[in-house]
Amino acid sequence: MKNNVSKDLKILMLEDQEEDAGLMDRALSKEKIKFTRIRVDAREDFIQALDKFNPDLILSDHALPQFNSIEALKIVQESKSDIPFIIVTGSVSEEFAVSCIKKGVDDYVLKSNLSRLPLAIKHSINEHQSKRIRKEQDEVLQRQNIELLKINRELDSFVYNISHNLRAPLASVIGLVNIARLDRSKNVEASDQYFDMIGKSTLKLDDTLKEILDFSQNLRTDLKISEVNLKQLCRECLNKLQHLKGFDKIEKQVDVRSEADFYSDNYRLSVILAYIFSNSIKYRDMLKDDQFIRIIASISSTRTILSILDNGVGIHPDHLPNVFDMFVRSNESSDGAGLGLYVVKEVVEKLKGTIEIASSLGEWTRVDITLPNHDKPTS
Amino acid sequence: MSSRKYRAVMLIDDNEIDNLINQKMIEASAITENIYTHTGAKSAIEFLKNMEKMDVADKVLPDVIFLDIDMPLMDGFQFLDEFANLSQVTRKKSRIIMLTSSINPQDFNRAKKYENVKLYLNKPLSHDSIMKIDV
């Protein structure tokens, strides 16, 4: 046997005549098949050998004093082990041979024609092997299919929600144009008000589009690791939010302690920081005189721990468990699409980090992020 | 103007721009004398609960409630669940029209299952659709 059998083939023989077993040995040796074999002739011994010897192949006589090949086959099939089973017997009728094959016997060989045995063995083993491979491939396919169905469902709900988030501000714009027409003859102030509102609605549309873009960028692009100046990055991200209402009223502190250089993905970090900072600003507590955002980071050679604390309106304990879910808006004055923190979580996960949010309603919110410090890129 | 169809309608929408649009459109079509506006479903439920307690509940309760679906904290469907627990007077008097930007058939089918929902309209509210309202 040249194919794929480097170790000895383990053969379990169900045969009451040692003499016949010897004949089979010789037929195999002639074809240079290396093997070890055990011969049994009773039910109990057969079952035990099946378990302990763990054979690669079974050669079975048909009729034994207290046992027969069909019962033996049943035992093998019930044990769910996938072992080729060949009947080697004195003489069988054609009908019997056919019925054996139908029951699951791989082949039958006449003792008077043992020269056929090596080929029958080779053939059966190959057959079993390719069956096993097909089965494995089927399983892989099925798993992929389930995965794809799941992705499809998620995509469906994503498209539904996104289209809603895009349509809502658009419907507002159309409605505003309608009422502006109604009020056309009235004063300029009313028109100015409508223009402002149209502007606001289109900005919302724009924000949603940006969120979708950040989301897909994160999914589709590989990490780009380079040195990060965290303090500077925090400042830059904060400065980009100057247009938000109340920005100037909030005191911003950035405190970075580093024991090592920080290597991570600058773009993804800026996405994380932008969403969290803008939440801190949007949900500031206007009743407080000393509104603040405190960013504290410590960088070690293995990881960076980043903590962002604000004294804004906080998050209701009922909503805390869901803040990272897609399309969840947890604040009454929330006007976004509910994608922000979902995108943040996705980005943090892409960076193989962790994120947690703690909050006390009316008092503070703290976001804790831990990110691995990547190796310095070689190029 | 006693020819108005309704004495009062209620608007429930977290988006103030949409509330303004709806209010202006309804005013222009002159179907009601009063418009109550709520930016949260919770406050709207509280408002209705207080009204039911009054002797004149049948008079002051809104004839029609325009209800948005996608709202933070309590959404339109949660409002409908709460509404089902209100008094029979309220449920009979106040008929609900879903007014949403959602063109999602799932939302439409889900809304249809509530017996208090009489109509499903897409935003923006137009003069034509207001004039066709027959609930």
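Residues numbered from 1 in each chain as written. Chains lettered and ligands numbered in written order. Predicted model: local features only at pLDDT ≥ 70, side-chain atom pairs only at ≥ 80, totals over all residues.

1. Digging into the nonpolar core
Soluble, globular proteins show a tendency: their nonpolar side chains are buried together. A:I272, A:L273, A:Y275, A:I276, A:F277 and A:V344 are the most contacted members of the largest nonpolar core, which totals 36 residues. Counting residues per element, the ones that place at least two in this core are α7 (230-239), α8 (266-282), β11 (292-299), β12 (303-310), α9 (340-350), β13 (354-360) and β14 (364-372) of chain A. Of all the elements, α8(A) adds the most residues to this core, at 9 residues. Apart from residues lying up to four places away in sequence, A:L273 is in contact with A:L233, A:C234 and A:C237. Judged by nonpolar contacts, the second largest core, of 35 residues, contains A:I179, A:Y194, B:L61 and B:I65. (Core = buried A, V, L, I, M, F, W, Y, C linked by C-beta atoms within 7 Å. Buried ≥ 20, exposed ≤ 12 C-beta atoms within 10 Å, placed from the backbone. Helix = DSSP H or I, 4+ residues; strand = E, 2+ residues; numbered from the N terminus. Contact = placed C-beta atoms within 7 Å.)

2. Topic: the interface of chain B and chain A
Tallying the contact residues gives 19 residues for chain B and 20 residues for chain A. Residue composition of the side of chain B that touches chain A, grouped by class: 9 nonpolar, 6 polar and 4 charged. (Nonpolar A, V, L, I, M, F, W, Y, C, P; charged D, E, K, R; others polar.)

3. A word on the sheet that holds strand β7 (residues 107-110) of chain A
All names here are of chain A. The strand order across the open sheet formed by 5 strands is β2-β1-β3-β6-β7, and the pairing between neighbours is parallel. Looking at the sheet topology across the chains shown, the edges are occupied by β2 (35-40) and β7. On average, adjacent strands in this sheet sit at an angle of 25° to one another, irrespective of strand direction. The pairing of strand β3 (residues 57-60) with strand β6 (residues 85-89) spans 3 bridges and is classified as parallel. If you follow S60 over to β6, its bridge partner there is I87. Helix α2 (residues 43-52) contacts β1 (9-14) and β2 of the sheet and is inclined by roughly 150° relative to β2. (Pairing = 2+ DSSP bridges. Axes fitted to C-alpha atoms, helices over the stretch in contact; angles between N-to-C directions.)

4. A closer look at helix α4 (residues 76-83) of chain B
Residue and element names in this part refer to chain B. Turning to α4, its buried residues are G76, F79, L80 and F83. Buried residues along α4 cover an arc of 100° about the axis, so they all sit on one side. Looking at the packing, one finds that the buried side of α4 touches β1 (6-12), α2 (41-52), β3 (64-67), β4 (95-100) and β5 (117-122). (Arc of directions from axis to C-beta.)

5. Points about the pairing of β5(B)
All names here are of chain B. As paired elements, β4 and β5 share 5 bridges and run parallel to each other. Within the sheet, the bridge partner assigned to I97 lies in β5 and is L119. In the classification by handedness, the crossover that spans β4, the intervening helix α6 (residues 105-112) and the parallel β5 is right-handed. (Right-handed = clockwise from strand over helix to strand, strands pointing away.)

6. Observations concerning the confidence of the model for chain B
All names here are of chain B. Per-residue confidence for chain B gives a mean pLDDT of 92; residues scoring 70 or more make up 98%. When pLDDT is averaged over each element of chain B, β3 comes out on top at 97 and helix α3 (residues 57-60) at the bottom at 87. Taken together, the chains of this predicted complex give a pTM of 0.64 and an interface ipTM of 0.86. (pLDDT = per-residue confidence, 0-100.)

7. Concerning the pairing of β4(B)
For β3(B) and β4(B), the ladder comprises 4 bridges, and the chain directions are parallel. In the strand pairing of β4(B), B:L67 is matched with B:M98.

8. Some points on α2(B)
With 12 residues, α2(B) extends 17 Å between its outermost C-alpha atoms, agreeing within 8% with the 16 Å of an ideal straight helix rising 1.5 Å per residue. Contacts from the buried residues of α2(B) go to β1, β2 (32-38), α3, α4 and α5 (88-93) of chain B. (Expected span 1.5 Å × (residues − 1).)

9. A word on the sheet that holds β2(B)
All names here are of chain B. The parallel open sheet is built from 5 strands, whose spatial order is β2-β1-β3-β4-β5. Of all strands in the sheet, those bounded by a partner on one side alone are β2 and β5. Going across the sheet, the axis of each strand differs from the next one's by a mean of 20°, ignoring polarity. Where β1 meets β2, 6 bridges bridge the pair, whose relative direction is parallel.

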